[in-house]
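Working through the structure, step by step
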Amino acid sequence: MKDALSIFASIFAPPKKFSGEGGSSSLCIPSLTGSADAFLALTLAARSGSPRLVLAITPGLPDADRLADDLKTLTDSKALGAEAYQTRILQFPPLLDGEKASLGTRLKTIAAVKAWEISPYPAVVVASFPALMTPIPQSSPSNLSLAVDSSRKLTMTDLTARLAAIGYRRVPMVETEGDFSVRGGILDAWSPGDEFPVRAEFFGEDLESLRTFDPATQLSVERIQTAELLPIAVESDREQSNAVDSTRQPSTADSTAIESRRKLSTFLDLLPPGSTLVALDHNAYNLSTFQPFNFSTLFVGDPAPRGVATYDFQTSPLPGFSELGADEAHHPELFDAARKRLDQHLAAAEKRGDLILRLDDLSGGFELSPPHSNTQSFEHSNIRTFEHSNISSSLLVVTKADRVFTKKKTHYRTNAALNRGARLSDFEDLEPGEYVVHIDYGVGRSIGSSEIVVDGRRSEVFTIEYADGGKLHVPAAHAHLLSRYVGVKGEAVRLHRLDGKRWEKDKKEAQRAVTDLASALLETQ
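Going along each chain's sequence as written, the residues are numbered from 1 onward. In keeping with the predicted nature of the model, local features appear solely for residues at pLDDT of at least 70, side-chain atom pairs appear and are counted solely at 80 or more, and the whole-chain, interface and lining totals rest on all residues. Note: side-chain values were computed over all heavy atoms of the structure, leaving out hydrogens and water.

**So, the overall build of the protein**
- A tally of helices and strands in the protein yields 14 helices and 25 strands.
- For every residue, the accessible area (1.4 Å probe, protein chains only) is compared with the maximum for its type, and the residue is labelled buried under 20%, exposed over 50%, or partly exposed between those bounds. Counting only residues that meet the buried cut, the protein has 45% of its 525 residues in that class.
- Method for areas: the Shrake-Rupley scheme with a 1.4 Å probe, in which residue coverage is limited to the protein chains shown. Counting only carbon and sulfur atoms, one obtains 50% of the accessible surface of the protein, whose full area is about 27,200 Å². Helix numbers and strand numbers start at the N terminus; a helix is a DSSP run of H or I with at least 4 residues, a strand a run of E with at least 2.

**Here's the deal with the sheet that holds strand 9 (residues 198–203)**
- Paired strands, in this sense, are two strands between which DSSP finds at least two bridges. The strand order across the open sheet built from 6 strands is 6-7-8-9-10-11, with neighbouring strands paired in mixed fashion. Each edge of the open sheet is held by one strand with a lone partner, namely strand 6 (169–170) and strand 11 (220–224).
- Contact definition: two residues touch when any of their heavy atoms are within 4.5 Å. To obtain an axis, a line is fitted to C-alpha atoms, over the contacting stretch when the element is a helix, and the angle between two such axes runs from 0 to 180 degrees between their N-to-C directions. Against the sheet, helix 7 (residues 156–165) engages strand 6, strand 7 (179–183), strand 8 (186–189) and strand 9, with an angle of about 25 degrees to strand 8.

**Some points on helix 2 (residues 36–45)**
- Of all 10 residues in helix 2, 10 are buried; the element is thus mostly enclosed.
- Buried residues of helix 2: A36, D37, A38, F39, L40, A41, L42, T43, L44 and A45, and no others.

**Focus: the nonpolar core**
- Core analysis: the largest hydrophobic core is formed by 44 residues, its most contacted members being F8, F12, F39, L40, L71, V124 and L395.
- Counting residues per element, this core draws most heavily on helix 2, at 8 residues.
- Once residues lying within four places of it in the same chain are set aside, the contact partners of F12 are I29, L40, T43, L44, L298, Y311 and F313.
- Formed by 30 residues, the second largest nonpolar core is a distinct cluster that contains L90, M133, F295 and F299. By convention a nonpolar core is built from buried Ala, Val, Leu, Ile, Met, Phe, Trp, Tyr and Cys residues, the set being connected through side-chain atoms within 4.5 Å.

**Let's talk about the environment of D361**
- Counting through the fold element by element, D361 comes out in the loop between strand 16 (355–358) and strand 17 (366–368).
- On a C-alpha basis, the gap between D361 and D70 in space is 7.6 Å, while along the polypeptide they are 291 residues apart.

**What to know about the packing of helix 1 (residues 4–11) against helix 2**
- Interaxial distance between helix 1 and helix 2 falls to 10 Å at its minimum, and their mutual angle equals 80 degrees. Judged by the angle between their axes, helix 1 and helix 2 are roughly perpendicular. On helix 2, the residues that touch A4, L5, F8 and A9 of helix 1 are A36, F39, L40, L42 and T43.
- When residues are sorted by character, Ala, Val, Leu, Ile, Met, Phe, Trp, Tyr, Cys and Pro go into the nonpolar class, Asp, Glu, Lys and Arg into the charged class, and all the rest, Gly among them, into the polar class. Residues of the contact of helix 1 with helix 2, tallied by class, amount to 8 nonpolar, 1 polar and no charged. For classification, angles of less than 35 degrees are called roughly parallel, those exceeding 145 degrees roughly antiparallel, those between 65 and 115 degrees roughly perpendicular, and all remaining angles oblique.

**A short note on a negative patch on the surface**
- Each patch is built from residues lacking any salt bridge and having more than 30% relative accessible area; the joining distance is 9 Å for like charges and 5 Å for nonpolar side chains (Val, Leu, Ile, Met, Phe, Trp, Tyr). We define a salt bridge as a contact between a side-chain nitrogen of Lys or Arg and a carboxyl oxygen of Asp or Glu at a distance within 4 Å. Counting rule applied: Lys, Arg positive; Asp, Glu negative; His and chain ends not counted. To locate a charge, take atom NZ for lysine, CZ for arginine, CG for aspartate or CD for glutamate. The grouping of D149, D158, E205, D206 and E208 at the surface amounts to a negative patch.
- Tracing the sequence through the fold places D158 in helix 7.
- For D158, a relative accessible area of 36% puts it in the partly exposed group.

**Observations concerning the side chain of T75**
- For T75, the position within the fold is in helix 3 (residues 61–76).
- With residues near it in sequence (within four places) discarded, T75 still touches L42, A84, Y85, T87 and I89.

Here it is, written out as structure tokens:
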């Protein structure tokens, strides 16, 4: 039995010329639904016997984050076969002022792309168009490589001087990316883009050990043998080029200015020959800013660019919740009817022998059916179809968003600390095991979402575990009654009981403490 990616690849069968053999070529798909763009990028990258590097371009950063999440969900899934999980997913974010994590991710992706031709492998790089607008430095300081028992000795004195030279900030204690500190024979440094900082222990001037550690507790995470510290003092792209602001769409004057500065490198200049570009929602930006380039390009969006043929390939949304508007979803009768249509559609597909892939973590589902008849390659009215392989099964991808009506998830890069204590609008971002506070019942531990039947109707609820094994089912419509728990660092979390007595007492004590604090502040005026 074929896996989902194989069926997708069999139905999506562009001509061999588009694969990058013999020069560049372009096609346009009018639209894609749900997470079909992630399947498309994987299909282009993981071709049998011919791994490719695919650059997937989105209009903005939220779309890029969503696509990267979908790709990582697919490559982590065991339902797609070896071609999927052997594909490497990379991100190239815009260069944001003061955000060292973005710089670290960019540098790692640049290094991976430069080394790709030495040992090719299936890879998808996800980048927003604003990220591509920022030129990259033609040269930058090299990484600092640390290794235990290495023949190339790097003394603490040398390491301290080199860290300062490549932009690291010396501080008493490492707390953020780009910091480094020295205490006796211990040097801590946090490379941009890494999850944990590195602790190097020296005996005199000789490196004795390396380990990662948690900056919050200063405790070791694991012992390592090597570490790479990325440079931070990369010459400012804006200073180097007077480039346009990467957070806005370029004007005609901007495009002219960029064209006159072609001597500056862009990320597209790094791509190896034979790479493939996927321009998602291409009408939202002007990719011709970077032309000419010698890559096969697949545009997604209607209308197609001038002179580019439209490829006869389409996916469709699943019936049910995709047909409901935001106001209609609050009517129980319409809600139940939409769920029934989806259940009936999936039952009919299963009876036909179609492949149904259920992956809740994808952003949205879709249906892909084979063409009704095999057609030879022809061109008519700028629309091209090509002979597809002999496949009769359809592919249906079902996600949580298709089974339960939720608002479209939007990605924002924010500090996690700012999210603690925030009121919830839905359950999308709440993980099992996370502590929450119900306005009427107090602190509990989330178990997860599920569906229960109440008065003959199926409803999505969020289950919270309380002390003594008590469980509370909160309907999706009541998500606003929950907020994330904010505790005192180092103190154990005590769950409340559902009887609410201790919760009422704790609320009164908190209110009294707030009143006392306000009085004390007034007295100091």
